[in-house]
2 protein chains.
Amino acid sequence: MSAASAARRGRGPDELEIMVFERGCHTSYSACGIPYFIGGHVDALDDLIVRTPAEFRSKQDIDVRTRHEVTEIDLDRRAVRVRDLDSGAERQEGFDQLLIATGAVPRRPRLPGADAEGVHGVQILDDGIAIRRALDEDRPRHAVVVGGGYIGLEMAEALVEAGLEVSLVDGASQPMRTLDPDMGELVADALRGVGVSLYLGERVEAFETSGDRVRAVVTPQRTLDADLVVLGMGVRPNSDLAEAAGIAVGPTGGIITDRRMRTRTEGVWAAGDCVETRHLVSGEPVAIALGTHANKQGRVAGLNLGGGYATFPGVVGTAVSKICHVEVARTGLNEAEAAAARFESLSVVVESTTRAGYYPGTTPMKTKLIVEKRSGRLLGAQIVGEENAAKRIDGLAIALWSQMTVEEMTGLDLGYAPPFSPVWDPVLIAARKAADKVEGHR
Amino acid sequence: MSAASAARRGRGPDELEIMVFERGCHTSYSACGIPYFIGGHVDALDDLIVRTPAEFRSKQDIDVRTRHEVTEIDLDRRAVRVRDLDSGAERQEGFDQLLIATGAVPRRPRLPGADAEGVHGVQILDDGIAIRRALDEDRPRHAVVVGGGYIGLEMAEALVEAGLEVSLVDGASQPMRTLDPDMGELVADALRGVGVSLYLGERVEAFETSGDRVRAVVTPQRTLDADLVVLGMGVRPNSDLAEAAGIAVGPTGGIITDRRMRTRTEGVWAAGDCVETRHLVSGEPVAIALGTHANKQGRVAGLNLGGGYATFPGVVGTAVSKICHVEVARTGLNEAEAAAARFESLSVVVESTTRAGYYPGTTPMKTKLIVEKRSGRLLGAQIVGEENAAKRIDGLAIALWSQMTVEEMTGLDLGYAPPFSPVWDPVLIAARKAADKVEGHR
């Protein structure tokens, strides 16, 4: 819908007819808001909807057809095959320009019982509706969250807030693997602190059911009672439709585009979680499903499609999250990713505070920098802290974007006043410590 | 003291004898914390002291002499003349290397009554002690703050919190002149909101006294009752001692140094509020008295003096403050400064929120960007908002440092999650709007 809107801004209804087919019932909503709806922080699901199909039709002359699934792209005929999910009718719809914005599909384990009632994904708005309804109607007592990524953790917290006894199972030895273990451990502590039972290094083998309903989650080590299961195992680009049509898909499974969001097929564009993009630090293609990238890419695709000029240069892998009272942020490469990208790196971790030590409400904050050993170039950063900590990652993300060295960063002119930072900002302390370590290696 | 510590890290007591002369009683304290002590947020003044002279002596072998005033620098003899303020004794002390860190002097009006009892500056720790004592002992009811800069505003708020009726007088038409008028107006509103009476565009002509004590502040328009007056009229570099010795001082009144904090005189260094530095956007020398610059410069001077290598490249003019519930931040050039530096600029202001619109605790936030018209290069930024708004200036300060254009900034990978930002971060929205405006000018 970002693309459709941007294209419309470039070309009016007389110049460009825009049709949108959406399999589900809703458009333009914040899927990231679902955990806050479940946790009771957001009252109505409607609050998560930015714009309805009716608004797109009336305000922008964009012909949105919900409950219409595109089942095939026919590049020879320049047409898509569309099924009306209510009537079952199928038809072909021709196009001059096609934009693919099919998003991502949640990873689901291929295990016995994985499709039982009571096992929920968290991706589209209807998932949020289903979980909320299950909480209200079935009054579940034991929830198991499978997967310790952002969504898994946010859902674990939300379910605790909703009054359930919550376990989290993950095959890895730490939750939130986008952080290094030393930083991820702080997140695990926070989860335990609010009463989530963590079973790490345990793979789910099966879901026990009773009739159609899930009743337990089985790992090699134990069987966990579960009348509600939430899958937070990540997503993969939903590029099947594109791939079937012969549109180029990259090693991540995402559709390949150039910086203007053109696929390798003439007149076909793609944007959002279904594409892969370039990681500006590793130089490698990555598929990172995140609303902020999807919105930017959609806008870029739409502007170009509408005759304008815009580019999406890539990402540096910034992400922030709030788990209980703990704020978490990361950007760039973590230690494992730096090694995989063949960087020789060193790391520093500094403990500081979000405000001057004497200022009321100051809280501890850990900042980690990952730095190329010889050049001193910043490769990545992680922050774990409390109120006011996470958004400080933005400065580090911009330093990374600009390929700064930690030596240069020691001079940065960051905002200082006692309510906002110690006189030596945590970012500056970390940069100084890293610069000394780089120098020590010479 | 930053310089002394850094020099000691480079050279041990056997290699380098370090003596420090300080006119006052304290070393290494947070002058920025004084308003929070007055306002009752910080209980004990000791909390503002980072390290005492005794600690410097015992832990770092730095010979700190408080209550010792340097009255003359004799470059021919490579010596300073020092007066022991307690005994009145004077002597000469030789040096091989000299560091001047004389700080700033508060501007005081040359007006009748300006030296009366009850008229206070806010610069050194003893000022804080004096104001606190006046509040406790004299129980003043009417306070007048003269000057609407950061310190003036923070003190106005602190005095309201301490239960006084507070007026603020400033000759300018808005408080906080480092902001553009449209942004400064929001700060004025916040002050009025907590009950501060603002008298803008009014110059103080005299202080009425009764005996030795101040009792009113007189402007051409009115006479304001005052049993406590706080001067917040800014500061100027305290470079008199250096200038008298023939050490080069620049157009701002600050001592001239190179990037390693060397003055133009061999073996003499300078750091902190007494020096001028380069503004990296305007290219002009500026004297900005701010603890974060002073600390950095001190460390750089000390490292170099101790045989190491470090540089202070300059500043971009970042500042943050919290006035009542309003957070204020700025970096780079405002509109007037951009014009003075001969930039042709354009500006955009966007209204957004600190969190996703549906997330609890989201608050409004205004972001302004000042941009060079033809190149689209970011020249400055201002933020006025509430909780969680101000520190976002750091990202903009780093973008400015890296000479980014607003077009490039539209692609920045900033942290997004509902507790921290709308899916389009305010910085991205502002960059987009500015980029469109730059393009519209072509």
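Residues numbered from 1 in each chain as written. Chains lettered and ligands numbered in written order. Predicted model: local features only at pLDDT ≥ 70, side-chain atom pairs only at ≥ 80, totals over all residues. Heavy atoms only, no water.

**Some points on the interface of chain B and chain A**
Taken residue by residue, the interface counts 61 residues in chain B and 60 residues in chain A. Carbon and sulfur atoms supply 64% of the area buried between chain B and chain A, which totals about 5,300 Å² over both sides. Of all residues in chain B, B:Tyr358, B:Asp413 and B:Phe420 give up the largest surface area on contact with chain A, accounting jointly for 15% of the area buried on that side. Counting the contacts that link chain B with chain A gives four salt bridges. In this structure, the salt-bridge partner of A:Glu387 is B:Arg355, at a minimum N-O distance of 3.8 Å. (Contact = heavy atoms within 4.5 Å. Buried area = accessible area lost by both parts, 1.4 Å probe. Salt bridge = Lys/Arg side-chain N within 4 Å of Asp/Glu carboxyl O.)

**Side note on the sheet that holds strand S8 (residues 119–120) of chain B**
Residue and element names in this part refer to chain B. Strand order in the open sheet made by the five strands is S8-S15-S9-S10-S11, with parallel pairing throughout. With partners counted over all chains shown, the strands left at the sheet margins are S8 and strand S11 (197–200), one partner each. Relative to strand S15 (residues 228–231), S8 is paired through two bridges, and the arrangement is parallel. Within S15, the residue paired with Val119 across the bridge is Val229. Along the sheet, helix H5 (residues 150–161) makes contact with strand S9 (142–146), strand S10 (165–170) and S15, crossing S10 at roughly 165 degrees. (Pairing = 2+ DSSP bridges. Helix = DSSP H or I, 4+ residues; strand = E, 2+ residues; numbered from the N terminus. Axes fitted to C-alpha atoms, helices over the stretch in contact; angles between N-to-C directions.)

**Digging into empty space enclosed by the protein**
Applying the stated criterion to the full structure yields six cavities of 30 Å³ or more. Of the voids in this model, the largest cavity is the one considered here, and its volume is about 240 Å³. A:Asn388, A:Ala389, A:Lys391, B:Asn388 and B:Lys391 are the residues nearest the centre of the largest cavity, which is lined by 21 residues in total. Looking at the lining of the largest cavity residue by residue, the class counts come to six nonpolar, three polar and 12 charged. (1 Å grid on protein atoms, 1.4 Å probe; cavity = no way out; pocket = protein on both sides within 12 Å on 5 of 7 lines; lining within 4 Å. Points joined across faces, edges and corners; volume = space filled by probe spheres on them. Nonpolar A, V, L, I, M, F, W, Y, C, P; charged D, E, K, R; others polar.)

**Side note on the packing of helix H1 (residues 2–10) of chain A against helix H8 (residues 291–305) of chain A**
All names here are of chain A. Remark: H1 packs on H8, axes separated minimally by 7 Å, with the N-to-C direction vectors making an angle of 35 degrees. Two packed elements cross with a definite hand, and for H1 against H8 that hand is right-handed. Where H1 abuts H8, its residues Ser2, Ala3, Ala6, Ala7 and Arg9 lie against Asn295, Gly298, Arg299, Gly302 and Leu303. (Left-handed = near helix turned anticlockwise from the far one by under 90°.)

**Focus: the domain arrangement of chain A**
All names here are of chain A. Per the domain assignment, the segments of chain A are domain 1 (2–24 + 67–105 + 236–305), domain 2 (108–233) and domain 3 (319–441). A separation of 36 Å is found between the C-alpha centroids of domain 1 and domain 3. Each side of the interface is counted separately: domain 1 has four residues, and domain 3 has eight residues. Between domain 1 and domain 3, a total of about 480 Å² is buried, with carbon and sulfur atoms accounting for 76% of that surface. By the criterion of area lost to domain 3, the three top residues of domain 1 are Leu280, Val281 and Ser282, representing 79% of everything that side buries. The tally of links from domain 1 across to domain 3 stands at zero residue pairs in polar contact (both at pLDDT 80 or more). Tallied by class, residues from the side of domain 1 that touches domain 3 come to two nonpolar, two polar and no charged. (Domains from an automatic or database assignment. Polar contact = N/O pair within 3.5 Å; in protein donor to acceptor, adjacent residues only side chain to side chain.)

**Concerning the relation of the copies chain B and chain A**
Of the transformation superimposing chain B on chain A, the axial component is 0.0 Å and the angular component is 180 degrees, with the fit at an RMSD of 0.0 Å. With respect to symmetry, the two chain copies, as superposed, fit the operation of a two-fold axis. For chain B, the smallest separation between a C-alpha atom and the rotation axis is recorded for B:Gly395, amounting to 2.0 Å. Of the interface residues in chain B, 98% have counterparts in chain A that sit at the interface too, so the contact is made through matching surfaces. (Least-squares fit on C-alpha atoms with pLDDT ≥ 70 in both.)

**Considering the state of the cysteines**
Per the counting criterion, the structure on display carries zero disulfides over all chains. With no disulfide of its own, A:Cys324 has A:Cys32 as its nearest cysteine by sulfur position, at a separation of 18 Å. (Disulfide = S-S within 2.5 Å.)

**Notes on helix H12 (residues 426–441) of chain B**
Over its 16 residues, H12(B) extends 23 Å from the first C-alpha to the last, a length consistent with the 22 Å expected when each residue adds 1.5 Å. Of the residues making up H12(B), those classed as buried are B:Pro426, B:Val427, B:Leu428, B:Ala430, B:Ala431, B:Ala434, B:Ala435 and B:Val438. Of the surrounding secondary structure, the elements contacted by the buried residues of H12(B) are H8 of chain A together with strand S22 (345–353), strand S23 (364–372), helix H10 (393–401) and helix H11 (406–409) of chain B. Capping of H12(B) at its N-terminal end is provided by B:Asp425; its side-chain oxygen lies 2.9 Å from the backbone amide nitrogen of B:Val427. (Expected span 1.5 Å × (residues − 1). Buried < 20%, exposed > 50% of the residue type's maximum accessible area, 1.4 Å probe, protein only.)

**Side note on the UniProt feature "domain: FAD/NAD(P)-binding" (unreviewed entry) in chain A**
Taken from the UniProt record, the annotation "domain: FAD/NAD(P)-binding" (unreviewed entry) applies to residues 2–296 of chain A. In residues 2–296 of chain A, the share of helix is 24% and the share of strand is 27%. The end C-alpha atoms are 8 Å apart. (UniProt positions renumbered as here; feature names shortened; annotations may be inferred.)

**A short note on unusual backbone geometry**
The backbone of A:Arg139 sits at a positive phi, close to 45 degrees, despite the residue not being glycine. Position of A:Arg139 among the secondary structure elements: in the loop between helix H4 (125–138) and strand S9 (142–146). Overall, A:Arg139 belongs to the exposed group, its relative accessible area being 62%. Phi is positive for B:Gln403, which is not a glycine, with a value near 55 degrees.

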